[in-house]
Amino acid sequence: MDYFIIVVTTAAGLYFHWWLFHRIRQWSDRDLALSFAEGDQDKRQYMLEQLARARHEGVRRRELPAWLEQAAAQYPVSSV
């Protein structure tokens, strides 16, 4: 019974750390995308869509900053 408890708590701890690691990576990627929005609400939505597109296209994490920067440069500027 002692081994069972050790195995279950170790597995739960490893899963929690894996889950937390991936959540932190998602949050940092989201913050990176939003940093290119420069406070503009429309651009903010656009950058979040571009982040989702990058994930869908399978852009590697080390290539993500340059990819998002290029996407931000392509944002259509509206003259109001």
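A. View of helix α2 (residues 41–57). Taking 1.5 Å per residue, 17 residues should reach 24 Å; α2 reaches 24 Å between its end C-alpha atoms and fits that length. Every buried residue belonging to α2 is among K43, Y46, M47, Q50, L51 and A54, and all of these are buried. When α2 is viewed along its axis, its buried side chains cluster within an angular range of 145 degrees and face the same direction. Counted as exposed and oriented over 90 degrees from the buried face of α2: Q41, D42 and H56. Taken together, the buried residues of α2 touch α1 (2–35) and α3 (64–73).

B. Molecular detail of the packing of α1 against α3. Running from N to C, α1 and α3 cross one another at 30 degrees; their axes reach a closest spacing of 9 Å. Comparing their axes, α3 and α1 come out roughly parallel. For α1 against α3, the interelement crossing comes out right-handed. Facing α1, whose interface residues are D29, L32 and A33, α3 presents L64, P65 and L68.

C. The arrangement of the environment of Y46 in detail. Note on placement: Y46 falls in helix α2. Not counting residues within four places of it along the chain, the set of residues in contact with Y46 comprises A71, Q74 and Y75.

D. View of the environment of A72. Following the sequence through the fold, A72 ends up in helix α3. For A72, a relative accessible area of 11% gives the class buried. Counting along the chain gives 22 residues from A72 to Q50, while the straight-line C-alpha distance between them is 8.6 Å. Residues contacting A72, with those up to four places away along its chain left out, are F36, K43 and M47.

E. View of the pattern of salt bridges. Following the criterion strictly, the structure yields 3 salt bridges and no others. With its nearest N and O atoms 3.1 Å apart, the salt bridge here joins R61 to D29. Of this pair, R61 sits in the loop between α2 and α3 while D29 sits in helix α1; the two residues are 32 residues apart in sequence, bridging distant segments of the chain. Accessibility expressed as a relative area gives 36% for R61, which makes it partly exposed. The exposure class assigned to D29 is buried, which follows from its relative accessible area of 13%. With a shortest N-O distance of 3.0 Å, E57 and R53 are connected by a salt bridge. On the criterion of helical spacing, the pair formed by E57 and R53 is a turn pair, its members being 4 residues apart in helix α2. Assessed through its relative accessible area of 46%, E57 is described here as partly exposed.

Rules of the game
Residues numbered from 1 in each chain as written. Predicted model: local features only at pLDDT ≥ 70, side-chain atom pairs only at ≥ 80, totals over all residues. Heavy atoms only, no water. Helix = DSSP H or I, 4+ residues; strand = E, 2+ residues; numbered from the N terminus. Expected span 1.5 Å × (residues − 1). Buried < 20%, exposed > 50% of the residue type's maximum accessible area, 1.4 Å probe, protein only. Arc of directions from axis to C-beta. Contact = heavy atoms within 4.5 Å. Axes fitted to C-alpha atoms, helices over the stretch in contact; angles between N-to-C directions. Parallel < 35°, antiparallel > 145°, perpendicular 65-115°, else oblique. Left-handed = near helix turned anticlockwise from the far one by under 90°. Salt bridge = Lys/Arg side-chain N within 4 Å of Asp/Glu carboxyl O.

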